[in-house]
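Architecture and fold: a report
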Amino acid sequence: MSDACLFCRIVAGTIPATLVASNDHAVAFRDLHPQAPSHLLVIPRRHVASLAEATDAAELGALLLLAAEVARAEGLSGTGYRVVANTGADGGQTVHHLHLHVLGGRAMHWPPG
């Protein structure tokens, strides 16, 4: 864990967040600046800077399973949703702690941004 990392501090409970679900490897919470009617973030409990640095298959699987779980809980499974992992500067990553965006509640167009 990094004391300087915003998401590590959310996991530690030193920064408040609206937590919606968790498992042994990950936590999910509402994005403070939603880009869709439903916008949740799913992050690993341990600090992993980005998908490019991820090496633990069980941890990555737990992230995806939790993303699917929160999408179901939000009622997004019937109409669909998008899961996004921005990686690196060109990928649009602004917080350097691996996180999945779960977006839904409206039509997602392609190509994105």
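These lines cover the structure that appears in this document, whether it is placed above or below.

The rules behind these values
- Residues numbered from 1 in each chain as written.
- Predicted model: local features only at pLDDT ≥ 70, side-chain atom pairs only at ≥ 80, totals over all residues.
- Heavy atoms only, no water.
- Helix = DSSP H or I, 4+ residues; strand = E, 2+ residues; numbered from the N terminus.
- Rg over C-alpha atoms; globule rule 2.2 N^0.38 Å.
- Buried < 20%, exposed > 50% of the residue type's maximum accessible area, 1.4 Å probe, protein only.
- Contact = heavy atoms within 4.5 Å.
- Pairing = 2+ DSSP bridges.
- Axes fitted to C-alpha atoms, helices over the stretch in contact; angles between N-to-C directions.
- Salt bridge = Lys/Arg side-chain N within 4 Å of Asp/Glu carboxyl O.
- Core = buried A, V, L, I, M, F, W, Y, C linked by side-chain atoms within 4.5 Å.

**Details of the overall build of the protein chain**
Check the secondary structure of the protein chain and you find two helices and five strands. Rg of the C-alpha trace for the protein chain: 13 Å, near the compact-globule value of 13 Å for 113 residues, within the 12% margin. Seen along its three principal axes, the alpha-carbon backbone of the protein chain occupies a region of about 35 × 30 × 30 Å. When the 113 residues of the protein chain are sorted by exposure, 38% land in the buried category. A fraction of 55% describes how many contacts in the protein chain between residues 6 or more apart in sequence connect residues 24 or more apart.

**Here we look at the sheet that holds strand β2 (residues 26-30)**
Ordered in space as β1-β2-β3-β5-β4, the five strands form an open sheet in which the pairing is antiparallel. In the strand order of this sheet, the two ends are held by β1 (19-22) and β4 (81-84), each with one partner. Taken pair by pair, the neighbouring strands of this sheet meet at an average axis angle of 20 degrees, ignoring direction. As defined by bridge partners, strand β3 (residues 38-44) adjoins strand β5 (residues 100-104) across five bridges and the pair is classed as antiparallel. When the sheet's bridge partners are listed, H39 is paired in β5 with L103.

**Notes on unusual backbone geometry**
Residues other than glycine predominantly adopt negative phi, and peptide bonds predominantly adopt the trans conformation. A cis amide bond, omega 0 degrees, links W110 with the succeeding residue P111. In this fold, P111 is placed in the segment after β5.

**Structural notes on the pattern of salt bridges**
Note on pairing: side chains with opposite charge can pair once their charged atoms come close. Taken as a whole and judged by the stated rule, the model has two salt bridges. For R30, the salt bridge identified is with E74, shortest N-O distance 2.6 Å. Taken together, the positions of R30 in strand β2 and E74 in the loop between α2 (57-73) and β4 put the pair 44 residues apart, joining distant regions of the chain. Exposure remark for R30: the relative accessible area of 34% places this residue in the partly exposed category. With a closest N to O distance of 3.0 Å, E59 and R46 form a salt bridge. Pair noted here: E59 is in helix α2 and R46 is in the loop between β3 and α2, with a separation of 13 residues, a long-range link. A relative accessible area of 3% means that E59 is categorised as buried. By relative accessible area, which is 40% here, R46 ends up partly exposed.

**Overview of the nonpolar core**
Residues A28, V42, L63, L66, V70 and V102 are the most contacted members of the largest nonpolar core, which totals 16 residues. No other element matches the five residues that α2 contributes to this core. Contacts of V70, omitting those with residues within four sequence positions, involve V20, A21, A28, L40, V42 and V102. If you look at the next biggest cluster of nonpolar residues, it comprises ten residues, including C5, F7, C8 and I43.

Fair warning: the whole summary comes from geometry, so function is off the table for now.
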